[in-house]
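Now for the letters of each chain:
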Amino acid sequence: MSATLATRASPVHSHSVLHNLLSSFSTSLRLHRPNLSPKPLRRTPFSSSPPPSKVFFSSMASNDGSTSTSAEASTALRKHTNRLASEHSPYLLQHAHNPVDWYPWGDEAFEKARKRNIPIFLSIGYSTCHWCHVMEVESFENEEVAKLLNDWFVSIKVDREERPDVDKVYMTYVQALYGGGGWPLSVFLSPDLKPLMGGTYFPPDDKYGRPGFKTILRKVKDAWETKQEMLQRGGALAIEQLSEALSASAVSRKISDELSKNSSQMCAEQLGSSYDPKFGGFGSAPKFPRPVEIYLMLYHSKKQDMDGRKSEANKSLEMVCFSLQCMARGGVHDHIGGGFHRYSVDECWHVPHFEKMLYDQGQLANAYLDTFSLTKDSFYSSVARDILDYLRRDMIGAEGEIYSAEDADSAEFEGALRKKEGAFYVWTAKEVEDVVGDSAKLFMDQYYVKPSGNCDLSRMSDPHNEFKGQNVLIERKDISTIASKYGMSVDEYCDVLATCRQKLFNVRSRRPRPHLDDKVIVSWNGLAISSFSRASKILKAEAKGTKYNFPVVGCDPNVYSEVAEKAASFIKNKLYDQQTRRLDHSFRNGPSKAPGFLDDYAFLISGLLDLYEFGGKIKWLSWAIELQATQDELFLDRSGGGYFNTRGEDPSILLRVKEDHDGAEPSGNSVSAINLVRLSSMVDGKMSSYYRETAEHLLAVFESRLKDQCVAVPLMCCAADMLSEPSRKQVVIVGHKSFTEFDDMVIAVHSSYDPNRTVIHIDPTNSEDMEFWDNHNPNIAQMARGSPVGKVVSHVCQNFTCSAPVSDPDALRTLLAQNRLPPSI
């Protein structure tokens, strides 16, 4: 990912981080001793990048418009090998042959800095990050820069995906002091790891009146030698104040009833005020597909509909539908291979930064699945399939593990010494004509392909002509309109387009592929497990005869369930210790050194709950409960409420944060709150009360955030509203799980969208099922024992009342569509 939200929009870097350092270092020092409370909690709208209102970096393309990465440089130049060569992280390995004497994060580096009494230069990024590649080529492969770093600093390289705990500390520092952040993250530390100053991407030389990296290194070195004590005091004070600001706790153990009921309404209103009616989405360029916003608006729409406010419900749903349509038709969507790129630099979803991240795919698939459930429009189900089929084809390992990301950059041809952003994905008009042949004019009409290139829809799309003559495929016209223009039916026209896409896919497959980060991250796999599980049943509500066009495979939805189960099994077999009941964070050639963090537990538990509710195997629910107990043991602040992001066992991690911001990924606390609500509706007695009370206390910690900045925590707003419900609707399906009738019932219950519903599967002939429910909710077990033998029936319960059991899927659909349950008989 680019470290900036506006790399193609301006030639100015915003390195205010150190601008005073150059003019007056004493002034700069005062910048590093601010009052940090509670400023750090006002994070940017997108946790992965600086705020859209700031222009941070210029495009650092070379004269030929290309940018290179370390992959080819490492192959061509093996003059140097540093300690990173023994690491497993793809990002660290990309830097293993830099002339910089890199260390991984650890005691060896810390001890060297203490022994020599010199500062640490900490560089954090990830392997598919475009601007991380740029800074590497410009600075870290530069012998002159390397000598400065090696002589004056201890240099540490960190993969933010492998060590999110390290990244969180120093990203929070940079965001709090300077109003934004991003990757690569560049921070100078004292030998005791306190931050001294920092920024993001730095060019090698002074430019546009801003300091270059070599200038910065000299100034930091001089400052350390002349004002070391002042710098250290400032760093210690910064960490102290950040720690105070981020150690939120709640005296009250419950959020106010009014806020619990109204937070989702307030968030929907604020999001609605930022809605773009022309291009969809919330906010202006650059445009991120932030799925938590979609989740909130869908949740709000459903709630308004159930309250009889049809007009408001439709308004929210229309915003979602139009946004998802614009995203799917835009260049941020890979029309040839499926899946979504990270974000678009313009307002019209056209020219993206081209990396593909697993966390986006899982969340977006669920957004399209939910919208299909509400609308029954196959457009949305087809896009969900598009995403999941991309993952199945390109992102899954031999044992079912799901990989992390694909790079934005790739070589334009085999043997090229430089890589270019988007090279794998863009097309010239001539390439399209040569590949597609007779259908070229039709295809070019549909996807706005032009001889001069099509990156001209916005001044922000390509201001520096990096994509001159190139086309990023985008659909600007309605399919039926162009089909009519060519005298074709819509089905016939879609078939022709699919054939064209297949031909282009085949040609594209022979291009040098972007780098694949085959690291397996537990939290991101949890998000994908959720979407694959849910798709396995939701997609069975598609109308019979629904047509699928390449790159959508159109497989039996049961295949998606198999993918989810294999991914979950991989994590349990490779990244879970059965004795300690603890997770490791990631896997590549073995488990990483990092332990599981809050997000790993929370996201995986969420995925396992979906795997159970949409698949029915009790082992996944049992494991979710087991993981929740471990999460509470390791991360829960039992006195102050809420969850810390780390265990607090590593002395090198200076901040223990209670994260709340729902950004590119939802926060672990938001997901945990919803997990606790779901679990409380499955079990009974003290365990149910414990889950609910823990969720209530968690939300009380973030009450001011929900009240004052609810748009920053949309998923937490959903959780608060869920807690305001007197009780969740329970659907208990009883019968032999191997029966077709049982599956029909499960399909029926998941054919409608209802985030305030819990689905329980129980087979009275299965001893494992019955033992589990006897131990966790005897009422469910008794319900199973009292159901007719040899039949599949469903019970719908709410507010301590159950309807009469039904044995017909259509009757169940009718029952679930009612806002009030009929009395039982």
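Keep in mind it's a predicted model, so treat the numbers as computed, not measured. Counting restarts for each chain: residues are numbered from 1 in the order of the written sequence. The predicted origin of the model limits local features to residues at a pLDDT of at least 70 and limits the giving and counting of side-chain atom pairs to 80 or more, whereas totals for whole chains, interfaces and linings rest on all residues. Side-chain measures were taken over the full set of non-hydrogen atoms in the model, leaving aside hydrogen atoms and water.

**Student:** Tell me what's going on with unusual backbone geometry, and back it up with residues and numbers.
**Tutor:** Cis peptide bonds are those with omega within 30 degrees of zero, and the linkage from Trp183 to Pro184 qualifies with 5°. Counting from the N terminus, the helices are DSSP H or I runs at least four residues long and the strands are E runs at least two residues long. With respect to the element layout, Pro184 can be found in the loop between helix H8 (164–178) and strand S4 (185–189). In this structure, the amide linkage connecting Phe550 to the following residue, Pro551, adopts the cis form with an omega of 15°. Its location among the elements puts Pro551 in the loop between helix H19 (522–538) and helix H20 (558–574).

**Student:** Help me get a handle on the environment of Glu141, residues and values and all.
**Tutor:** Its location among the elements puts Glu141 in the loop between helix H6 (130–140) and helix H7 (143–152). With relative accessibility at 25%, the residue Glu141 sits in the partly exposed group. Residues Glu141 and Val100, 41 residues apart in the sequence, show an inter-C-alpha distance of 7.5 Å. Working definition: with a 1.4 Å probe on protein chains only, accessible area under 20% of the residue-type maximum means buried, over 50% means exposed, and in between means partly exposed.

**Student:** Summarise the pattern of salt bridges; cite the residues concerned and give the values.
**Tutor:** Criterion for a salt bridge: a side-chain nitrogen of Lys or Arg within 4 Å of a carboxyl oxygen of Asp or Glu. The full count for this structure, using the stated rule, is 56 salt bridges. Taking the shortest distance from any N to any O, the salt bridge between Glu111 and Arg114 comes out at 3.3 Å. Here Glu111 and its partner Arg114 are both found in helix H5 (residues 107–116), three residues apart, which amounts to about one turn of the helix. Among the residues examined, Glu111 registers a relative accessible area of 43% and is labelled partly exposed. The class of Arg114 is partly exposed, set by a relative accessible area of 44%. With a shortest N-O distance of 2.5 Å, Asp518 and Arg588 are connected by a salt bridge. Taken as a pair, Asp518 in the loop between strand S12 (516–517) and strand S13 (520–521) and Arg588 in the loop between strand S16 (586–587) and helix H21 (598–615) lie far apart in primary sequence, 70 residues in all. Residue classification places Asp518 among the partly exposed residues on the basis of a relative accessible area of 25%.

**Student:** Can you lay out the pairing of strand S19 (residues 793–798) for me, pointing to particular residues and giving the numbers?
**Tutor:** Among the six residues that make up S19, six are buried, leaving the element largely enclosed by the rest of the structure. Of the two faces of S19, both are covered, the one formed by Val793, His795 and Cys797 as well as the one formed by Ser794, Val796 and Gln798. Pairs of strands are assigned from DSSP output, requiring at least two bridges between the strands. In the sheet, strand S17 (residues 729–734) pairs with S19 via five bridges, with the strands oriented antiparallel. For Val734, the partnering residue across the bridge sits in S19 and is Val793. Joining the antiparallel neighbours S19 and strand S20 (residues 801–802) is a turn of two residues, in which Asn799 adopts a positive phi near 55°.

**Student:** How would you explain the sheet that holds strand S3 (residues 154–159) if you had to name every residue and give the values?
**Tutor:** Across the sheet, five strands lie side by side as S1-S3-S2-S4-S5; this open sheet has mixed pairing. Unpaired on one side and paired on the other, strand S1 (102–104) and strand S5 (195–199) mark the two borders of the sheet. Taking each pair of neighbouring strands and ignoring which way they run, the sheet shows an average axis angle of 30°. Inspection of the sheet shows strand S2 (residues 120–125) paired to S3 by six bridges, in the parallel sense. Among the inter-strand pairings, Ser123 is bridged to a residue of S3, identified as Lys157. Note on definitions: a residue-residue contact is assigned when non-hydrogen atoms from the two residues lie within 4.5 Å. Every axis in this analysis is a line fitted to C-alpha atoms, fitted for helices over the stretch in contact. Angles between the N-to-C directions lie between 0 and 180 degrees. The strands touched by H5 are S1, S2 and S3; relative to S3, the strand with the most contacts, the crossing angle is about 155°. Most of the contacts of helix H9 (residues 213–246) go to S5, to which it runs at about 130°, and overall it touches S2, S4 and S5.

**Student:** I'd love a proper account of the packing of aromatic side chains, names of residues and values included.
**Tutor:** Aromatic rings in a pair are described by how distant their centres are and how their planes are angled relative to each other. Geometry of aromatic contacts follows a simple scheme: Phe, Tyr and Trp rings, the Trp one being its six-membered ring, pair when their centres are within 6.5 Å, and the pair is stacked under 30 degrees between planes, edge-to-face over 60, tilted otherwise. Summed over all chains, the structure comprises 31 aromatic pairs. Note on Tyr359 and Trp524: the rings are 4.8 Å apart at their centroids and 70° apart in plane angle, and the pair reads as edge-to-face. Of the two residues, Tyr359 sits in helix H13 (residues 358–375) while Trp524 sits in helix H19, which places them 165 residues apart along the sequence. By relative accessible area, which is 0% here, Tyr359 ends up buried. Three or more aromatic residues link up through ring pairs in this structure, and these residues are Trp102, Phe121, Phe140, Phe153, Phe188, Phe202 and Phe213. For a ring to carry a charge above it, either NZ of a lysine or CZ of an arginine must fall within 6 Å of the ring centroid while also lying within 35 degrees of the normal to the ring plane. The aromatic ring of Trp183 is capped on one face by Arg160, whose charged end is 4.3 Å from the ring centroid.

Worth remembering: the numbers are spatial, not functional.
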